[in-house]
Amino acid sequence: MNKKQVRAHARFALDRGIPRTEVFAHLRGRGLKDDRLAYFVASHVGPASRMLHAGKVKVLVGLMVALAALGFMVGLGQGATFGPTGRWVFAGVVALVSLLFAWGFHKHRVGAYNAYILLAIVHLPKSMDGFMADPFATSLGFVANVALLAYVWYVRHCLFPDFTFLAPRKVKGQYVFSA
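Residues numbered from 1 in each chain as written. Predicted model: local features only at pLDDT ≥ 70, side-chain atom pairs only at ≥ 80, totals over all residues. Heavy atoms only, no water.

**Student:** Help me understand the overall build of the chain, please; the structure alone is not making it clear to me.
**Tutor:** Helix and strand counts for the chain stand at 8 helices and 2 strands. Moving toward the C terminus, one meets the helices and strands of the chain in the order α-α-α-α-α-α-α-α-β-β. At 20 Å, the chain has a C-alpha radius of gyration far larger than the 16 Å of a compact globule built from 179 residues. With respect to the three principal axes, the spread of C-alpha positions in the chain is 60 × 35 × 30 Å. (Helix = DSSP H or I, 4+ residues; strand = E, 2+ residues; numbered from the N terminus. Rg over C-alpha atoms; globule rule 2.2 N^0.38 Å.)

And the structure:
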């Protein structure tokens, strides 16, 4: 089997409700390395899980769209130093990043969740810049960033329970999947 056939077979089996462990065991050694197959199996969201967590995903997409609008407005102000055209480009790029995350969350892409989590963690120390000048606003922004990070992590855990930090769960050298 080639990679596309393995993925199609895995998607078909997972959508039919066959347990992830059985799908992984059946397709192991048939065209994909174990780590890639485990990533694909763990990153698949079944129809039941999509319906169960649709409200959480809608809230997350709404938050990202709101952040895109806020980022666009802030980008217009911050981009004023780049000139009249630069401010629009800067504001558009800032808004586009949030909209790309919203699209990834809406499409149930584990990569979007992982990228957001990683970027948010890296950005947390920088969000405390300016604490001495305005401790209340800086603390409020920091708490909002942490709360959004926690919510994204929670939704990712609901949709993709077989992921640890950024990769499928592995115990004693073997990939482990939930029921």
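**Student:** Explain the packing of helix α5 (residues 54–78) against helix α6 (residues 84–106) here, please?
**Tutor:** The description of two packed helices rests on the angle between their axes and on the distance between the axes. For the pair α5 and α6, interaxial distance at closest approach is 7 Å and the crossing angle is 175°. Accordingly, the angle class assigned to the pair α5 and α6 is roughly antiparallel. Considered class by class, the residues forming the contact of α5 with α6 number 18 nonpolar, 6 polar and 1 charged. (Axes fitted to C-alpha atoms, helices over the stretch in contact; angles between N-to-C directions. Parallel < 35°, antiparallel > 145°, perpendicular 65-115°, else oblique. Nonpolar A, V, L, I, M, F, W, Y, C, P; charged D, E, K, R; others polar.)

**Student:** Explain the packing of α5 against helix α8 (residues 135–159) here, please?
**Tutor:** The contact between α5 and α8 brings their axes to 10 Å, and the two run at 145°. Taken as a pair, α5 and α8 cross one another with a handedness that is left-handed. Together, Lys56, Val57, Val59, Leu60, Leu63, Met64 and Leu67 of α5 and Leu148, Tyr151, Val152, Tyr154, Val155, Cys158 and Leu159 of α8 make up the contact between the two elements. Here the contact of α5 with α8 is built from residues that sort into 13 nonpolar, no polar and 1 charged. (Left-handed = near helix turned anticlockwise from the far one by under 90°. Contact = heavy atoms within 4.5 Å.)

**Student:** Explain the nonpolar core to me, please; I cannot follow it from the model alone.
**Tutor:** One broad trend across soluble globular proteins is that nonpolar side chains are buried collectively. One finds Phe105, Tyr113, Tyr116 and Val152 to be the most contacted residues of the largest nonpolar core, which totals 37 residues. Among the secondary structure elements, those contributing two or more residues to this core are α1 (3–15), α2 (20–27), α3 (34–42), α5, α6, α7 (110–123) and α8. If we ignore the near neighbours within four places in the chain, the residues touching Tyr116 are Met64, Phe101, Phe105, Leu148, Leu149 and Val152. (Core = buried A, V, L, I, M, F, W, Y, C linked by side-chain atoms within 4.5 Å. Buried < 20%, exposed > 50% of the residue type's maximum accessible area, 1.4 Å probe, protein only.)

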